[in-house]
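# Examination of the molecular architecture
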Amino acid sequence: MKLDGAVSLITGGSKGLGLAIAHRLRAEGARVIVADIDNVALEALPDVFDRRSLDVTQPDEAKSTVEAIAAMYGRIDVLVNNAGVIYSEPLVNLMNPDGMMHSYDRFRQCLRVNLDSVFIMTSAVVEQMVLRRTKGVVINISSISARGNEGQTAYSAAKAAVNAMTVTWSKELGRLGIRCNAVAPGFVDTPSTRAALNETIIKHIEGLTPLRRLGRAEEIAQAVVAAIANDFLNGTILDVNGGVTI
Ligand SMILES: NC(=O)c1ccc[n+]([C@@H]2O[C@H](COP(=O)([O-])OP(=O)(O)OC[C@H]3O[C@@H](n4cnc5c(N)ncnc54)[C@H](O)[C@@H]3O)[C@@H](O)[C@H]2O)c1
């Protein structure tokens, strides 16, 4: 797909990886709409972005926002499902005798924001792609945790399911001319990673990575742009992790 002029909706694009992806798409000439729940961060974005306040876990809100965007631009070419929240909790926490087992509420909440949101947004956008006969692209931001990351029961489950939906949709939607791929970042140097992992764990991860460093947000954005641009790429989970899984 030619990115120049492509109408591109990115969720969770007001900071972190999403913001890097938004800037990169913009640099390629795309018309970028950033949808995010964080209104303060949205406000701080430059005017080159069309900013929409949206909670991606709310199906009705998602549908009306997507319909409004499609009506305004005439179509949506690209959806990047980036909004998500890194969440760590082991199934059993022996250090917490008051609540040793993983809370079911927190499990469900993690699935809602990292998994249900991807279904909700893709349903709303693909409906517009089909109605308007757009040969579009959906990119899901997965994670290395989809392989099963110790201490991240719910988050790993959510991202593994995102990978499964990516493959399923690539099969179902391919015949409509709509492609679907995922980009699975490894450990990227973002404020969310620094908040989730302490310095000792980060040093350990760097030691396990053949490139001996964390990834950069721009490198994830580069992979997203490549996955959008390549018209024969479909149903792929693109690992961008410095080779830590080799
Ligand atoms: N940072 C990493 O190392 C890393 C690694 C692998 C995967 N990921 C994935 O990349 C994506 C972005 O992560 P990040 O590290 O940039 O996180 P981040 O917290 O910096 O950004 C996430 C964005 O999503 C938004 N968001 C959260 N809940 C939302 C909701 N309900 N509705 C709308 N927007 C919502 C937040 O406001 C924020 O702007 C996530 O899907 C995450 O799982 C990140």
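Thresholds applied
Residues numbered from 1 in each chain as written. Predicted model: local features only at pLDDT ≥ 70, side-chain atom pairs only at ≥ 80, totals over all residues. Pairing = 2+ DSSP bridges. Helix = DSSP H or I, 4+ residues; strand = E, 2+ residues; numbered from the N terminus. Axes fitted to C-alpha atoms, helices over the stretch in contact; angles between N-to-C directions. Contact = placed C-beta atoms within 7 Å. Expected span 1.5 Å × (residues − 1). Bend = angle between axes of the 7 residues up to and from the residue. Near = placed C-beta within 6 Å. Core = buried A, V, L, I, M, F, W, Y, C linked by C-beta atoms within 7 Å. Buried ≥ 20, exposed ≤ 12 C-beta atoms within 10 Å, placed from the backbone.

### Considerations on the sheet that holds strand 6 (residues 179–185)
Overall, parallel pairing links the seven strands, which are arranged 3-2-1-4-5-6-7 in an open sheet. Each edge of the open sheet is held by one strand with a lone partner, namely strand 3 (50–53) and strand 7 (237–240). Adjacent strand axes in the sheet meet at a mean angle of 20 degrees when their direction is disregarded. For strand 1 (residues 7–11) and strand 2 (residues 31–36), the ladder comprises five bridges, and the chain directions are parallel. From the neighbouring strand, Ile10 faces strand 2, where its bridge partner is Val34. Sitting on the sheet, helix 8 (residues 217–229) touches strand 4 (78–81), strand 5 (137–141), strand 6 and strand 7, and the angle it makes with strand 6 is about 165 degrees.

### A short note on helix 4 (residues 104–131)
An α-helical turn contains 3.6 residues, so any two residues separated by three or four positions project in the same direction. The terminal C-alpha atoms of helix 4, which comprises 28 residues, lie 38 Å apart, in line with the 40 Å expected from a rise of 1.5 Å per residue. At Arg112, helix 4 is bent by approximately 40 degrees, the largest bend along its length.

### Thoughts on the site of the ligand
With respect to spatial proximity, 29 residues lie near the ligand, and among them Gly12, Gly16, Gly84, Val188 and Ser192 are the closest. Secondary-structure elements contributing two or more residues to the shell around the ligand are helix 1 (16–27) and helix 6 (191–196). If you tally residues by element for the shell around the ligand, the top one is helix 1, at three residues.

### Things to note about the nonpolar core
Counting residues in hydrophobic clusters, the biggest one holds 67 residues, and the most contacted among them are Leu9, Ile21, Val125, Val183, Ile220 and Val224. It is helix 4 that provides the largest number of residues to this core, a total of ten residues. Sequence-distant contacts of Ile220, that is, excluding residues within four places in its chain, are made with Leu17, Ala20, Val183, Pro185, Val188, Gly215 and Val240.

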